[in-house]
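As a plain string of letters, each chain reads:
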Amino acid sequence: MERMDKDTENMEHSPVISLEGVSFGYDPEHPILHDITVSVAEGEWVSIVGPNGCGKSTLVKLLNALLPKSAGEITVCGHRLEEANIGAIRRCIGMVFQNPDNQFIGATVEEDIVFGLEGLCLSYEEMKNRLEAYTAKLEIGHLLSKHPGELSGGQKQRVAIASILAMQPGIVIFDEASSMLDEGSRDDLLGVLREMHAEGRYTILMITHDADEILASDRVLALHGGGLAADLTPQELFRDSELLDKCHLRAPYAWQLAQELQGRGIPVEVPASEKELIESLWLSNYSK
C-alpha cells in the first residue's frame, strides 16, 4: 500500500482522528471494511475515494458510532470511541449528506438552523449571534423565511452546511455533498470548502468522485476491496492511472490539458483549477 510521509505535518498538527486496525461487517466472515489504520491531522482536507460499494460512507459513519465497529480502536478529538464518549464525539463532528432534503427539519430555513442550536442548549443571545454569523458566512440571510422546498439545490446545500457549521464542530464530513448539484452549484460548494479550509478551523473529510474537489484537497484516502489501497496526495493519485481505474476516477480536465501541453514542450505548471491554468497560459504568452 502506498503511504504518504506525514511526519512533518503531524509535528505541526496533532491527529484529531485515529483508527487502528478498524474493521466493520454485518457478517464477521465477510467484512465491508477490514484492518483500517490511518490518522487525520487537525486542519487537513482529506478526500475519500473509491468505487461504489467499497465502504466510504461506512468508514465515516464509524467515526461517530452511526455504525458500530467490529474490531479495532477509534479516537476522535482525544476521545476513545466507546459508549460513554459518544455524546462528546458527536459534538465534534458535523455531517453534510448527499441529499440536503434528508437534513431539513424546520418549516423555514431559520427554524432549521436554530433547531440544532437548541439541541446544544445555548442561550437565546448565542443562538441569535450564530444564526447571523453563519447565514452571513454562507450568504443565505435572505432565505431565512423561506420553506426549504422553495430553494434551489445549491441553496439547500448551503443551508445544510450553515446548519452544521452553526453548531461549531471541529470536523465536518461531506458525504458526496455535490453529487446532486448542477455545475454552478458544485463550483459554489467548492468555493465554500476552500474558504473553510483557508480559515484553518475545520478538519474536512469529503467522500467524492469529483476530480476538482479531490485536487483542491490536501490528501486522498483511496479505498478498494474493503481496505485502504493508498494514502497519497491528489497529484500522486492523478499520476497513477492504475489506481484511477480502480477508483473509477478521471483526472480533472485542467490537469489532463496541462500534461498534454507539457508533452508538447509548452512549459506550464500543473494547475489547481482551470482558472489557474488559463492565468498561467495567459501570463506565459504575455511575457513573450
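Structural data are supplied above this passage.
Residues numbered from 1 in each chain as written. Predicted model: local features only at pLDDT ≥ 70, side-chain atom pairs only at ≥ 80, totals over all residues. Heavy atoms only, no water.

Moving on, we get to the pattern of salt bridges. Applying the stated criterion across every chain yields a total of ten salt bridges. For Lys156, the salt bridge identified is with Asp101, shortest N-O distance 3.0 Å. Of the two residues, Lys156 is situated in helix H6 (residues 153–165) and Asp101 in the loop between strand E7 (93–96) and helix H4 (109–119); the sequence distance between them amounts to 55 residues. When the shortest N-O distance is used, the salt bridge between Lys137 and Glu199 registers 2.0 Å. Placement of Lys137 in helix H5 (residues 124–137) and of Glu199 in helix H7 (residues 183–199) is noted, with a sequence separation of 62 residues between them. Owing to a relative accessible area of 25%, Lys137 belongs among the partly exposed residues under this scheme. The exposure class assigned to Glu199 is partly exposed, which follows from its relative accessible area of 35%. Within this structure, Glu44, Arg219 and Asp231 form a network of salt bridges that share partners. (Salt bridge = Lys/Arg side-chain N within 4 Å of Asp/Glu carboxyl O. Helix = DSSP H or I, 4+ residues; strand = E, 2+ residues; numbered from the N terminus. Buried < 20%, exposed > 50% of the residue type's maximum accessible area, 1.4 Å probe, protein only.)

A word on helix H2 (residues 56–63). Counting buried positions over the eight residues of H2 gives six, a clear majority of the element. Of all the residues in H2, the buried ones are Lys56, Thr58, Leu59, Val60, Leu62 and Leu63. After H2 finishes, the residue Ala65 shows a positive phi value of roughly 65°.

This part is about the packing of H4 against H5. Two elements in contact, H4 and H5, have axes separated by 10 Å at closest approach and are oriented at 130°. For the element pair H4 / H5, the angle class is oblique. Here H4 and H5 pass one another in a crossing that is right-handed. Between H4 and H5, the residues in contact are Glu110, Ile113, Val114, Leu117 and Glu118 and Met127, Arg130, Leu131 and Thr135, respectively. Taken together, the residues of the contact of H4 with H5 sort by class into five nonpolar, one polar and three charged. (Axes fitted to C-alpha atoms, helices over the stretch in contact; angles between N-to-C directions. Parallel < 35°, antiparallel > 145°, perpendicular 65-115°, else oblique. Left-handed = near helix turned anticlockwise from the far one by under 90°. Contact = heavy atoms within 4.5 Å. Nonpolar A, V, L, I, M, F, W, Y, C, P; charged D, E, K, R; others polar.)

Spatial ordering of the open sheet is given by E3-E2-E5-E6, a layout of four strands whose pairing is antiparallel. Here the strands that pair on one side only, and so sit at the sheet edges, are strand E3 (33–41) and strand E6 (79–80). Of the strand pairs in this sheet, strand E2 (residues 15–24) and E3 are connected by six bridges, and their pairing is antiparallel. Considered in E3, the bridge of Ile17 is made with Val40. Strands E2, E3 and strand E5 (71–76) of the sheet are contacted by H2, whose axis makes an angle of about 120° with E2. (Pairing = 2+ DSSP bridges.)

In the structure shown here, the tally under the stated rule is two aromatic pairs. Ring geometry for Phe24 and Tyr26: centres 5.0 Å apart, planes at 80°, overall edge-to-face. Accessibility expressed as a relative area gives 3% for Phe24, which makes it buried. Its relative accessible area of 66% is what places Tyr26 among the exposed residues. On the numbers, 5.7 Å between centres and 50° between planes, the contact of Phe238 with Trp255 is tilted. You can see Phe238 sitting in helix H9 (residues 234–239) and its partner Trp255 sitting in helix H11 (residues 253–263), a full 17 residues away along the chain. What makes Phe238 buried here is its relative accessible area of 6%. Look at Trp255 and you get buried, because its relative accessible area is 1%. (Phe/Tyr/Trp six-rings, centres within 6.5 Å; stacked < 30°, edge-to-face > 60°.)

A two-sided burial pattern is seen for E7, the buried positions comprising Ile93 and Met95 on one face and Gly94 and Val96 on the other. Bridging between E7 and strand E8 (residues 171–175) involves four bridges; their strand directions are parallel. Bridge pairing in E8 places Val96 opposite Phe174.

At their nearest, the axes of H4 and H6 sit 8 Å apart, and the two run at 30° to each other. Taken together, the axes of H4 and H6 lie roughly parallel to each other. Between H4 and H6 lies a crossing of right-handed hand. Of the residues in H6, those in contact with Val109, Asp112 and Ile113 of H4 are Val159, Ala162 and Ser163. Looking at the contact of H4 with H6, its residues break down into four nonpolar, one polar and one charged.

Counting buried positions along E8 gives five out of five residues, so the element sits mostly inside the fold. Residues of E8 alternate between two faces, with Ile171, Ile173 and Asp175 on one and Val172 and Phe174 on the opposite face, all of them buried. Of the pairings in the sheet, the one linking E8 to strand E9 (residues 203–207) comprises five bridges and is parallel in character. The residue bridging Ile171 from the neighbouring strand is Thr203, located in E9. A crossover links E8 with its parallel partner E9, the connecting element being H7, and its sense is right-handed. (Right-handed = clockwise from strand over helix to strand, strands pointing away.)

Geometric values such as these leave the question of function open.
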